[in-house]
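Descriptive analysis of the structure
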Amino acid sequence: MTHPEQPLEPTRVELNGTNVIAEDERKGTPRDLFWPWTAASISVFGVSYGSFALDYGVSWWQVVLAAIVGVVGSGVLAGLIAIAGKRGSAPTLVLSRASFGVTGNKLPAAVSWLLSVGWEIVLVSLAALATGTVFEELGWGGGDATKAVALAVVVALVIAGGVLGYDAVMRIQTFITYVGIILTVIYVVLVIDTVDLDAVTSLSNGGFPAVVGVVILMMTATGLGWVNAAADYSRYLPRSSSGAGVAGWTALGLSAAPLVLILFGLLLAGSDPALKDAIGANPIGALATLLPTWFLIPFVVVAVLGLVAGALLDIYSSGLSLLSLGLPVSRPVAAAIDGVIMVIGSVLVLFVATGSFFDQFQGFLITLGVPIAAWAGIMLADLLLRRRDFDDLALFDPAGRYGAFRWGAIGTLVVGTVVGWGLVTNTYAGWLDWQGYFMGVLGGKEGDWAFASLGVLVALVIGFLGYLLLERRAVRRQEERVA
């Protein structure tokens, strides 16, 4: 069946929710996936990751190596999961029901929802912080009043896009990609003279555990943070689309811009220890202090647009995750509910919480990165085992061939999470001190491996191998029933 190109309708409210996309609504080509993922990845926030990496006590070449491995590797991981979207034409956390069972899938859906909402809060809070700093640089005031106004504007944009849905998101992301590329290039040109290559290249090497820690930081901050949404956009593609194309364009969109931004951030932070410390407190705002006054307004525009792009994808996917939990509302209403939660969380981050932004951000990434890594391993194993497209009706029927609970997958997720949390040391918030209970075998919470976040990789491996071991025969039986 052919699928003629259908124009996007950005002002139309999308009514599709957890349902399988109808044949006549599937449109586009795999390369269309490049735009939303690039827009979400081109934020100047990516520059800050280069600075965060230096907190591990590593050299410039070690950051370069870790960034390539972590960013590209996690982008490929998300790209592979995106293949499920074109094979099943349903949201990521609906397709996950084939692995966990229709009812059992509520566990990973809840984790996915928390991760997406958390990212929404992080991104809109950063937009407000950046705007406040730029206004102070311009001498136009700043402080809480400016952050409050900026927060209101950003939230309105994000919620509007999330409620309108797929067509609006795709059109907005394409626009943001073009603007983001142009203004980011100008930013690089304007501040490149602050780079001190001698200072950067003189940074001392760190040990292997530190390099592993940077790799995992890059993974959790880039592609691994999107795996739970990877199929939400590829689900609109015709099922005849190339799987390699889906994976490749998704991976490219999630990897190309972050790599460039991270490596440039390494150059900036490695040149100026004071700037590195400032980025920890206000990642984007600190970058504005390097700019001439005339470019501050364009800078805040590109910063806010990049963050809005990421938040748009998050609010769209968090609404779908909320629906997959069984909330009896329409997709636009689910997106609006998440928008309210996003506002509350952002107010707490901006006006109530204390401490370094990086500390809060890192604690959030590590804690939810572990179960999401285990889930991603399970999804990859399921896609590897499955030879047929998903059964549309069974995805919504606990009595269907996927069943209500798939205990092998659920148990693997739980074990991967428990072991993973035991192998990360999270001192970024007092209530997370309980993590790292297995670190004694690696030298304790103060040893060389203490902050490598090894538990994220371990959870991913446990999820993948555990599912292959426990569910291989079950998947084969499922497919034999429809042979």
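Residues numbered from 1 in each chain as written. Predicted model: local features only at pLDDT ≥ 70, side-chain atom pairs only at ≥ 80, totals over all residues. Heavy atoms only, no water.

The subject of this paragraph is the pattern of salt bridges. Enumeration according to the criterion identifies twelve salt bridges in this entry. E14 serves as the salt-bridge partner of R331, at 3.5 Å between the closest nitrogen and oxygen. Taken together, the residues R331 in helix α16 (residues 331-351) and E14 in the segment before α1 (34-41) connect sequence positions 317 residues apart. It is possible to trace a salt-bridge network through shared partners that takes in E14, R235 and R331. (Salt bridge = Lys/Arg side-chain N within 4 Å of Asp/Glu carboxyl O. Helix = DSSP H or I, 4+ residues; strand = E, 2+ residues; numbered from the N terminus.)

Relative orientation of the contacting elements helix α7 (residues 143-164) and helix α15 (residues 296-324) amounts to 40°, with a least axis distance of 9 Å. When the axes of α7 and α15 are compared, the pair comes out oblique. As for the relative orientation of α7 and α15, their crossing is right-handed in sense. Contact residues: V154, L157, V158, I159, G161 and G162 in α7; V304, V308, A311, L312, I315 and Y316 in α15. (Axes fitted to C-alpha atoms, helices over the stretch in contact; angles between N-to-C directions. Parallel < 35°, antiparallel > 145°, perpendicular 65-115°, else oblique. Left-handed = near helix turned anticlockwise from the far one by under 90°. Contact = heavy atoms within 4.5 Å.)

Okay, helix α12 (residues 243-271) next. Spanning 29 residues, α12 covers 42 Å between terminal C-alpha atoms, matching the ideal 42 Å at 1.5 Å per step. The principal kink in α12, of about 25°, is found at L252. Where α12 starts, the residue carrying a side-chain oxygen 3.4 Å from the main-chain nitrogen of A244 turns out to be S242. (Expected span 1.5 Å × (residues − 1). Bend = angle between axes of the 7 residues up to and from the residue. Polar contact = N/O pair within 3.5 Å; in protein donor to acceptor, adjacent residues only side chain to side chain.)

This part covers empty space enclosed by the protein. Enumeration over the complete set of coordinates arrives at two cavities of 30 Å³ or more. Estimated volume of the largest cavity: approximately 180 Å³. Lining of the largest cavity is provided by 14 residues; of these, A40, S41, Y49, A221 and W226 occupy positions nearest its centre. Elements with a contribution of two residues or more to the lining of the largest cavity: α1, α2 (45-54), α6 (106-138) and α12. A per-element tally of the lining of the largest cavity places α2 first, with three residues. The residue makeup of the lining of the largest cavity, split by class, is nine nonpolar, five polar and no charged. Put simply, the second largest cavity is a space of about 30 Å³. If you go around the second largest cavity, the residues you meet are L115, W119, T220, L224, G225, L365, L368, G369 and I372. Secondary-structure elements contributing two or more residues to the lining of the second largest cavity are α6 and α17 (357-385). Here the lining of the second largest cavity takes four residues from α17, the largest share from any one element. Across the lining of the second largest cavity, the residue classes break down as six nonpolar, three polar and no charged. (1 Å grid on protein atoms, 1.4 Å probe; cavity = no way out; pocket = protein on both sides within 12 Å on 5 of 7 lines; lining within 4 Å. Points joined across faces, edges and corners; volume = space filled by probe spheres on them. Nonpolar A, V, L, I, M, F, W, Y, C, P; charged D, E, K, R; others polar.)

Turning next to the packing of aromatic side chains. Each aromatic ring pair is described using two quantities: the centre-to-centre distance and the angle formed by the ring planes. In total, this model carries 14 aromatic pairs according to the counting rule given. Considering the side-chain rings of Y437 and F438, the 4.9 Å spacing of their centres and the 80° angle between planes classify their relative orientation as edge-to-face. F438 gets classed as partly exposed once you look at its relative accessible area, which sits at 37%. An aromatic cluster is present here, built from F34, W35, Y178 and W249 joined pairwise through their rings. (Phe/Tyr/Trp six-rings, centres within 6.5 Å; stacked < 30°, edge-to-face > 60°. Buried < 20%, exposed > 50% of the residue type's maximum accessible area, 1.4 Å probe, protein only.)

Taken together, the side chains of L107, V414, V418, W431, W434, Y437 and F438 present a nonpolar region at the surface, about 690 Å² in accessible area. Along the polypeptide, W431 turns up in the loop between α18 (407-422) and α19 (454-480). (Patch = residues over 30% accessible without salt bridge, like charges linked within 9 Å, V, L, I, M, F, W, Y side chains within 5 Å. Areas by Shrake-Rupley, 256 points an atom, 1.4 Å probe, with all protein chains shown as cover.)

All right, on to the layout of surface pockets then. Taken as a whole, the second largest pocket spans an internal volume of roughly 340 Å³. Along the walls of the second largest pocket sit 21 residues, with V153, V154, L157, V304 and V308 positioned nearest its centre. Listing elements by their share of the lining of the second largest pocket, those giving two or more residues are α6, α7, α8 (166-191) and α15. In terms of residue count, α7 provides more of the lining of the second largest pocket than any other element does, nine residues in total. A per-class count over the lining of the second largest pocket returns 18 nonpolar, three polar and no charged.

This brings us to the nonpolar core. Across soluble globular proteins, you tend to see nonpolar side chains buried next to one another. W119, Y187, V227, L268, I284, F299 and W375 are the most contacted members of the largest nonpolar core, which has 130 residues in total. Ranked by residue count, the leading element in this core is α17, at 15 residues. With residues up to four places along the chain from it excluded, the contact list for L268 reads V47, Y187, V191, T194, V195, L275, L287 and L290. (Core = buried A, V, L, I, M, F, W, Y, C linked by side-chain atoms within 4.5 Å.)

Examined against the element boundaries, L350 turns out to sit in helix α16. Along the primary structure L350 and L320 are separated by 30 residues, whereas in three dimensions their C-alpha atoms are 27 Å apart.

The next thing to look at is the side chain of R331. The buried category is assigned to R331, whose relative accessible area is 2%. A distance of 2.7 Å separates a polar atom in the side chain of R331 from the backbone oxygen of G162. For R331, the contacting residues outside a window of four places in its chain are E14, N16, G17, G162, V163, L164, G165, Y316, L320 and L323.

Within the secondary structure, T38 is located in helix α1. Sequence-wise, T38 and L252 are 214 residues apart; in three dimensions their C-alpha atoms are separated by 7.9 Å. When neighbours within four sequence positions are excluded, T38 is seen to be in contact with T177 and G253.

The subject of this paragraph is unusual backbone geometry. Phi at S89 is positive, roughly 55°, even though this residue is not glycine. Tracing the sequence through the fold places S89 in the loop between α3 (60-88) and α4 (92-95). A relative accessible area of 0% places S89 in the buried class. For S453, which is not glycine, the phi torsion reads 55° and is therefore positive.

Fair warning: the whole summary comes from geometry, so function is off the table for now.
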